[in-house]
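Descriptive structure summary
So the chains spell out like this:
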Amino acid sequence: MKDETDITDVFNIEAQNKKLSDEQKRARQQQIDDVKEILKLSAGRRYFWRLLGECGIFHSSFSPNSNQTAFNEGRREVGLGMLIDINAADFTVFAKMQNEYLSALNSKKQAKEAKDARPD
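In what follows, the accompanying structure is described.

Conventions we followed
Residues numbered from 1 in each chain as written. Predicted model: local features only at pLDDT ≥ 70, side-chain atom pairs only at ≥ 80, totals over all residues. Heavy atoms only, no water. Helix = DSSP H or I, 4+ residues; strand = E, 2+ residues; numbered from the N terminus. Rg over C-alpha atoms; globule rule 2.2 N^0.38 Å. Buried < 20%, exposed > 50% of the residue type's maximum accessible area, 1.4 Å probe, protein only. Contact = heavy atoms within 4.5 Å. Areas by Shrake-Rupley, 256 points an atom, 1.4 Å probe, with all protein chains shown as cover. Salt bridge = Lys/Arg side-chain N within 4 Å of Asp/Glu carboxyl O. Patch = residues over 30% accessible without salt bridge, like charges linked within 9 Å, V, L, I, M, F, W, Y side chains within 5 Å.

What to know about the overall build of the protein
Across its full length, the protein holds five helices and zero strands. When the helices and strands of the protein are placed in sequence order, the string is α-α-α-α-α. In terms of C-alpha radius of gyration, the protein reaches 19 Å, well past the compact-globule figure of 14 Å for 120 residues. In terms of overall dimensions, the protein has C-alpha extents of about 70 × 40 × 25 Å along its principal axes. For the protein, the proportion of its 120 residues judged to be buried stands at 24%. By sequence separation, contacts in the protein at least 24 residues apart represent 52% of the contacts at least 6 residues apart. Total accessible area on the protein is roughly 9,100 Å²; 54% of this is exposed by carbon and sulfur atoms.

Quick word on the pattern of salt bridges
If you walk through the whole model with that rule in mind, you get five salt bridges. With a closest N to O distance of 2.9 Å, E37 and K40 form a salt bridge. Its relative accessible area of 57% is what places K40 among the exposed residues. Put simply, D116 and K112 hold a salt bridge, and the shortest N to O gap is 2.9 Å. You can see D116 and its partner K112 sitting in helix α5 (residues 93-117), four residues apart, about one turn around the helix. Each member of the pair, D116 together with K112, is exposed.

A look at the environment of P64
With respect to the secondary-structure elements, P64 resides in the loop between α3 (42-54) and α4 (66-89). Taking the C-alpha atoms as reference points, P64 and R45, 19 residues apart in sequence, are found 33 Å from one another.

A few points about a nonpolar patch on the surface
On the surface, a nonpolar cluster with roughly 270 Å² of combined accessible area is contributed by Y101, L102 and L105. Examined against the element boundaries, L105 turns out to sit in helix α5.

Shown next as structure tokens:
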């Protein structure tokens, strides 16, 4: 049987929503609305970006120590859950967060280069 979800629904959000009761749907919508409000603020976007990094979603969970790998995967699972919430709130905001992060890095790099270029 063919999955009828929209091909752009990468996180299968529509299929997940169909399985929820009305009360669960209202609670889930409140969670998404809360995330939307947080993401309106640049401080909120920076906070989520930092948490996603700390959860390890931007790198592999593998470690030669299997216990460490399991721990890393658990932490990463939390980050992926946050990413699902972020994308459910606003599918375009992750790219905006990434651009803001890269702009901040570039500004810091330029400030450091300017400081290093000054004669003391």
